[in-house]
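Architecture and fold: a report
Now for the letters of each chain:
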Amino acid sequence: MFKPSNPRSIKQLPTQKETKGTVGSQRRTGGRAKKAEAPSEKRLKIRWTRRSEPQRMAKEAPSEPASGAPPEIAEEFLSQNHRLLGIEEEPAELRIKESVESKGINHIRFQQTYEGLPVHGGEISVHVDNANRVQMVNGVYYSDVGLPGRTRGRGPIPKAEAIEAALRDLGPETVLRGNASAEMIIYPAQDQYLKAYKVTFSASDPLGDWVYFINAENGEVIDSYNAMRFGTPRGSIYNSNPKQDPDVQIVELHRLDDSGKLQGAFVQIDNAMGEEAYAADGEFVYEPDDPHFDEVMAYFHVDKVHIYFSNLGFRGLDSPLLVHVHVPDPESKDPDYDNAFYSPEDHQLYFGHGKALNDLAKESAVIYHEYTHGVIEQIRPEIEGSEGAALHEGYADYFGCSITDDPLIGEYAVQKIKEKDLRDLTSNKKYPKDLQGEEHEDGEIWGATCWDLRELLGARVADLIIYQSLYYLPKSPEFADAYEGIRQADLGLFNGAHIPEIEKVFVSRGIAAPKEPSPQPPPSPKPREQKVTVRGNQAWTSTGIPLKKGQEISVSASGTITYDDKGNSCGPDGASWSDTKDKEDPIYTKPHGGLIGRIDVTGTPFFVGSKSKFKVDADGTLYLGINDRWYKGNTGQFTAVIKY
Ligand SMILES: [Zn+2]
């Protein structure tokens, strides 16, 4: 398929002398074209080049002023000048198609015809100025139109057959909008002129205004294209809400697919009340009381908030999120529902159009609030606990307000019940004294704290830190955990550049403890522990534990080894005797077969036994062994647990 683009050149008509010369050269071009087969060369372009300076042109009128109506003047001009223009015959086969006047200039378009049929693409425009002078002529004219001799006994196929051929070609799934029509024309094909039907119809699937050229002799498809102009779709919305800004805005709708519906890369709209908006031409412009208005509102603002979070680094919710508007109350089934929510079960957004309250889908901050719940659910799923629920709401309010740059949430929703707002992030509530045990109320403390931070650091920096802090939330977070997340986020993103402001804000809201005047010493690190098997038939076993001089360690050991072929055995404390007679054991003054240790392979052995605690006297690795010179025939093992 292709999109037609007629060769056109628009130039000013020069003096007659120049016209002659130029047309002559065009004729030579035309002569060459007759031998060539490519259609573009077969076309004869009527074109003049401007050879004189504009000043000179201004003095000389393009043509003599003529009398009569502009279409007659144009017709007369073509009749008089047809040979100059490269039109071989009398222009009897040019038919006025359209005559338009704009700013005093008349533009008369002629359709080229042959045997009464329009020649596709053959069109000449004559432009007549307000002094009745022909100002310019341009267009495309086929100078060699002719039809091959008809096959005897065979006429053209019926119109209906041509339409059928076009629909068959577009596919069995084609869904028409209105009726198809067909008109017989002359089609300039590759190497000949064909009698053809131009079939036109609109379809919703595949979306388009389709144009087909069907060979009138045999019903074959010659060519086809989609004439629909896919401009940027537009829709009507409120920027924030009707209370804040009552003017309906016409905005571009981005990332829509070509279905003609409000479905795009990140959002798909469902209207729970009835049919969804459909606009093949991309014009989703409705009055606010039209049920489709909420669909556009939801599409635009969910797409917007998605991009907003993408710019903060969020990579979730990247496939179309199903958003329902005009949803009934999920429990009572009342069609007028006073709430909106994000469902973590199906990952979809739901907006009621209100009963006591105003329409929730007409307030962008509410849309952003619900979407933020979805973002949190992606980053930290299934948050639990009462403070966790409050944080969920607080974050959702914060982003709802930050994106609208307005600290009020629900100002339009509750206008109907004469309230100022649902939540106000300039509230001076404090933690924990203002906790009420209701998540939205308590969330206001968190939202307001984040808003304080935004006031100090600016929207961009605050948004980044607050967004990033979501990744640090534990499953059942308290405000203190979320505060720690904010600190960590700043450390990660900005090397802690905003820690002083963060501490100031969170201390003043009661979430962080005031800084101690003298900092406490850092808590000693938790002792580590390692279990090592010490085999009886191995002199020394490396524990792999690196120790520092002066470090305190403790070892507790259990198990039994058999140290001779009579079956005598002992535990880590060794036998009841020492090798004081032969003095061959590593520590012959200590019980035979007991657990011993040393630092590195060169260290002096020391007795460990079943339980001991000692200070290391040199840097190095701890080895454990058996106090037995003749260890090779031993069996069994000790298990030592080293705390260090
Ligand atoms: Zn919420």
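Details of the structure are given in the entry above.
Residue positions within a chain follow its written sequence, with the count starting from 1. Where local features are concerned, this predicted model is filtered to residues with pLDDT of at least 70; where side-chain atom pairs are given and counted, the filter is 80 or more; whole-chain, interface and lining totals use all residues. Hydrogens are left out, water is left out, and the side-chain values use all remaining heavy atoms of the structure.

Focus on the coordination of the zinc ion
- Any N, O or S atom lying within 2.8 Å of the metal counts as a donor, and for Na, K and Ca the limit rises to 3.2 Å; water is left out, so some sites can look incomplete. Distances from the zinc ion to its protein donors, H369 (NE2), H373 (NE2) and E393 (OE), fall at 2.1 Å.
- Each donor residue of the zinc ion belongs to the same chain, and together they define the spacing H-x3-H-x19-E. Taken together, the positions of H373 in helix α7 (residues 364-379) and E393 in helix α8 (residues 386-404) put the pair 20 residues apart, joining distant regions of the chain.
- Accessibility here uses a 1.4 Å probe with only protein chains present; expressed as a share of the type maximum, an area under 20% marks a residue as buried, one over 50% as exposed, and anything in between as partly exposed. On the basis of relative accessibility, which here comes to 8%, the residue E393 falls in the buried class. Helical segments are the DSSP runs of H or I of at least four residues, strand segments are the runs of E of at least two, and each set is numbered from the N terminus.

Brief notes about a nonpolar patch on the surface
- Together, V248, I250 and V285 give the surface a local cluster of nonpolar side chains, amounting to about 210 Å² of exposed area.
- With respect to the element layout, V248 can be found in strand β11 (residues 248-252). Excluding any residue in a salt bridge, patches collect residues exceeding 30% relative accessible area, merging like charges within 9 Å and nonpolar Val, Leu, Ile, Met, Phe, Trp and Tyr side chains within 5 Å. Using the Shrake-Rupley algorithm and a 1.4 Å probe, accessible areas are obtained, with residue cover drawn only from the displayed protein chains. Salt bridge, as used here, is a side-chain nitrogen of Lys or Arg placed within 4 Å of a carboxyl oxygen of Asp or Glu.

Brief notes about the packing of aromatic side chains
- Ring geometry is summarised as follows: Phe, Tyr and Trp rings, the Trp one being its six-membered ring, pair when their centres sit within 6.5 Å, and such pairs are stacked at plane angles under 30 degrees, edge-to-face over 60 and tilted between the two. Tallying each qualifying case throughout the model produces 23 aromatic pairs.
- When the centroid spacing of 6.3 Å and the interplanar angle of 75 degrees are considered together, the rings of F309 and F314 count as edge-to-face.
- The class of F309 is buried, set by a relative accessible area of 0%.
- A ring pair is formed by Y398 and W451, whose centres lie 6.4 Å apart and whose planes are at 65 degrees; its orientation type is edge-to-face. Of this pair, Y398 sits in helix α8 while W451 is found in helix α9 (residues 439-457), placing the two residues 53 residues apart along the sequence. One exposure class covers both Y398 and W451, and it is buried.

Quick look at the pattern of salt bridges
- A full pass over the atoms with the stated rule returns 23 salt bridges.
- Residues D303 and R255 are paired through a salt bridge, measuring 2.7 Å at the closest nitrogen-oxygen approach. One end of the pair, D303, is in helix α6 (residues 291-311); the other, R255, is in the loop between β11 and β12 (267-271), and 48 residues separate them in sequence.
- Note on R255: relative accessible area 36%, which makes it partly exposed.
- E382 serves as the salt-bridge partner of K475, at 3.5 Å between the closest nitrogen and oxygen. Separated by 93 residues along the polypeptide, K475 in the loop between α10 (459-469) and α11 (479-494) and E382 in the loop between α7 and α8 bring together distant segments of the chain.
- Assessed through its relative accessible area of 33%, K475 is described here as partly exposed.
- Through salt bridges with shared partners, a single ionic network connects K97, E98, R109 and E123.

Some details on the sheet that holds β12
- Strand pairing requires that DSSP identify at least two bridges connecting the strands. With mixed pairing, 4 strands are arranged side by side in an open sheet as β12-β14-β16-β15. The open sheet has two free edges, formed respectively by β12 and β15 (340-343), since each of these has just one partner strand. Ignoring which end each strand starts from, the neighbouring axes of this sheet average 20 degrees apart.
- Pairing of strand β14 (residues 321-325) with strand β16 (residues 348-351), which is carried by 2 bridges, proceeds in the parallel orientation. Directly across from H324, in β16, lies its bridge partner Y350.
- Should any heavy atoms of two residues lie within 4.5 Å, those residues are considered in contact. A fitted line through C-alpha atoms serves as each axis, taken over the contacting stretch for helices, and the angle formed by two N-to-C directions is quoted from 0 to 180°. Along the sheet, α6 contacts β12, β14 and β16; its crossing angle with β12, the most-contacted strand, is approximately 160 degrees.
- Most of the contacts of α7 go to β15, to which it runs at about 20 degrees, and overall it touches β14, β15 and β16.

Note that all results are geometric; they support no functional claim without further evidence.
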